[in-house]
Amino acid sequence: MNQPELGKTILELRKSKGLTQIELAESCNLSLRTIQRIESAKVTPRGHTIRTIFSYLDYDSNNLSTNNLSYINIERQDSTKNWLEQLFSYLKELFNLKTNTMKKLSVMSFILALVVIGIFLKTNQAEAQKIKGWFLAGSEPGSYTIGLDKTIYKSGASSAFIESTNKEIKGFGTLMQTSSAMEYLGKRIKMTAFIKSENVSNWAGMWLRVDSKQKKILSFDNMQNRPIKNSTDWTKYEIVLDVPNESGSLNFGILLGGTGKVWFDTIKFEVVDRLNTELTSKNIVNTKPKNLDFSQ
């Protein structure tokens with residue numbers, strides 16, 4: 001599937017769901033401009049962005065794991081191939097030990113060490129991006145990294161974090177999860193979590209959104225009216241929302257706007273008393289939320 005075909009497919013799927021570009025963008029935590037550029041084939045989206053969109057549109061993203069996403073990695077593969085070819089050519093020359101034997105052996109050992117270190121760092125980076133049950137999304141997901149921190153946490157053995165990787169970021173990134181709302185239908189729920197921040201330039205916040213089975217937003221709160229800024233120690237935050245009977249999914253996580261770093265830990269969901277608990281916002285996959293203490 002090339003880029004024009006991808007944009008056309010997303011456009012057709014969106015229209016078949018009766019969604020506007022704004023609704024799709026908000027539901028996927030992307031900017032309207034991003035959706036517009038993808039559908040008009042003016043930008044090549046990242047793999048996780050495509051999967052986020054297709055997941056929301058009920059399209060089997062497993063079909064994208066091979067040929068359908070291959071064009072995204074062509075440029076990267078060509079660059080890697082050229083680098084490996086140059087390295088192989090140089091190593092081949094080094095193996096010609098007729099002259100300057102010791103010098104060539106030293107250089108070859110140095111190159112080998114760099115290759116091993118590069119593979120190690122790349123492997124660690126890939127592992128840091130994987131958190132069971134969670135994924136990276138947002139309007140600028142490529143400007144952030146996620147991972148588990150086993151040295152800074154509120155409880156258990158680790159916390160999750162999202163951290164900026166660029167010096168200037170106009171959008172936001174989010175570490176998020178989607179689960180079924182079945183367990184909480186017709187109930188009022190409270191989501192709590194501990195958050196620690198460091199040098200947050202814009203704002204950060206925990207968020208929770210309840211969607212209908214038709215992907216309509218039923219309730220939503222992202223703490224924008226009580227944002228987390230700058231550097232803060234571990235603090236407990238909460239969001240209280242109603243889950244109507246027509247709800248289909250819960251979408252939740254931690255978002256970071258601009259640069260900085262935030263840690264996320266000890267997330268809990270509980271049913272609360274409608275009469276005694278005020279909603280935090282009145283604005284209207286997994287079988288249930290999981291790995292909420294980031295122990296997996």
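(A) Structural context of the overall build of the protein. Within the protein, the regular secondary structure consists of six helices and nine strands. Burial status across the protein gives 45% buried among its 296 residues. Summing over all exposed atoms, the protein offers an accessible surface of approximately 16500 Å²; the carbon and sulfur share of this is 52%.

(B) Structural view of helix H4 (residues 47–56). Among the ten residues in H4, seven count as buried, and that is most of the element. Of all the residues in H4, the buried ones are Gly47, Thr49, Ile50, Thr52, Ile53, Phe54 and Tyr56. Asp58 occupies a position one or two residues after H4 and carries a positive phi of about 60°.

(C) Structural view of the packing of aromatic side chains. Counted by the stated rule, this structure contains four aromatic pairs. When the ring of Tyr184 is compared with that of Phe269, the centres are 6.4 Å apart and the planes differ by 35°; the resulting orientation is tilted. Here Phe269 lies in strand E9 (residues 261–272) and Tyr184 lies in the loop between strand E4 (172–180) and strand E5 (187–212), a separation of 85 residues in the sequence. Like Phe269, Tyr184 is buried.

(D) The arrangement of helix H3 (residues 32–39) in detail. For H3, every residue scored as buried is listed here: Thr34, Ile35, Ile38 and Glu39. For H3, the arc enclosing every buried residue in end-on projection is 125°, short of the 170-degree limit, so these residues lie on one face. Within two residues after H3, Ala41 carries a phi angle of roughly 60°, on the positive side.

(E) The environment of Tyr59, seen in detail. With respect to the helices, strands and loops of the structure, Tyr59 is situated in the loop between H4 and helix H5 (74–94). Separated by 46 residues in the primary sequence, Tyr59 and Leu13 have C-alpha atoms spaced 8.2 Å apart.

(F) Representation of the pattern of salt bridges in the model. Overall, the coordinates contain eight salt bridges when judged by the stated rule. Salt-bridge contacts for Glu270 lead to Lys190; the nearest nitrogen and oxygen are separated by 3.8 Å. Of the two residues, Glu270 sits in strand E9 while Lys190 sits in strand E5, which places them 80 residues apart along the sequence. When the shortest N-O distance is used, the salt bridge between Arg209 and Asp211 registers 3.0 Å. Of the two residues, Arg209 and Asp211, both sit in the buried class. It is possible to trace a salt-bridge network through shared partners that takes in Lys190, Glu238 and Glu270.

(G) Examining unusual backbone geometry more closely. Its identity is not glycine, yet Lys215 carries a phi of approximately 70°, on the positive side. Of note, Lys215 is situated in the loop between E5 and strand E6 (217–221). Not every positive phi belongs to a glycine, and Thr266 is a case in point at roughly 50°. Following the sequence through the fold, Thr266 ends up in strand E9. Its relative accessible area of 16% is what places Thr266 among the buried residues.

(H) Here's a closer look at the side chain of Glu39. Mapped onto the elements of the fold, Glu39 is located in helix H3. Judged by its relative accessible area of 11%, Glu39 is buried.

(I) Expanded view of the environment of Glu246. For Glu246, the position within the fold is in the loop between strand E7 (228–243) and strand E8 (247–257). With residues near it in sequence (within four places) discarded, Glu246 still touches Ser212, Lys213 and Leu218.

(J) Seen up close, the nonpolar core. The biggest cluster of nonpolar side chains holds 37 residues, and the ones touching the most others in it are Trp134, Met206, Phe264, Ile267 and Phe269. Those elements that place two or more of their residues in this core are strand E2 (144–149), strand E3 (159–164), E5, E7, E8 and E9. Among the elements that make up this core, the one with the highest residue count is E5 (nine residues). Those residues in contact with Ile267 that sit more than four places away from it in its chain are Trp134, Met191, Thr192, Ala193, Leu292 and Phe294. Grouped together as the second largest cluster of nonpolar side chains are 15 residues, Leu13, Ile50, Ile53 and Phe54 included.

(K) The pairing of E3, seen in detail. Summarising burial for E3: five of the six residues are buried, a large majority. Across six bridges, the pairing between E2 and E3 is antiparallel. Its bridge partner lying in E3, Leu148 is registered against Ala160. In this sheet, E9 lies alongside E3 in antiparallel orientation, the contact comprising four bridges. Paired with Phe161 across the strands is Trp263, a residue of E9.

(L) Here's a closer look at the environment of Asp242. Within the fold, Asp242 resides in strand E7. Along the sequence, Asp242 and Val210 sit 32 residues apart, while their C-alpha atoms lie 8.2 Å from each other. Once you skip the residues sitting within four places of it in the chain, Asp242 turns out to touch Lys187, Arg188, Val210, Ser219, Arg274 and Leu279.

Here is what the cut-offs are and how they apply
- Residues numbered from 1 in each chain as written.
- Predicted model: local features only at pLDDT ≥ 70, side-chain atom pairs only at ≥ 80, totals over all residues.
- Heavy atoms only, no water.
- Helix = DSSP H or I, 4+ residues; strand = E, 2+ residues; numbered from the N terminus.
- Buried < 20%, exposed > 50% of the residue type's maximum accessible area, 1.4 Å probe, protein only.
- Areas by Shrake-Rupley, 256 points an atom, 1.4 Å probe, with all protein chains shown as cover.
- Phe/Tyr/Trp six-rings, centres within 6.5 Å; stacked < 30°, edge-to-face > 60°.
- Arc of directions from axis to C-beta.
- Salt bridge = Lys/Arg side-chain N within 4 Å of Asp/Glu carboxyl O.
- Contact = heavy atoms within 4.5 Å.
- Core = buried A, V, L, I, M, F, W, Y, C linked by side-chain atoms within 4.5 Å.
- Pairing = 2+ DSSP bridges.

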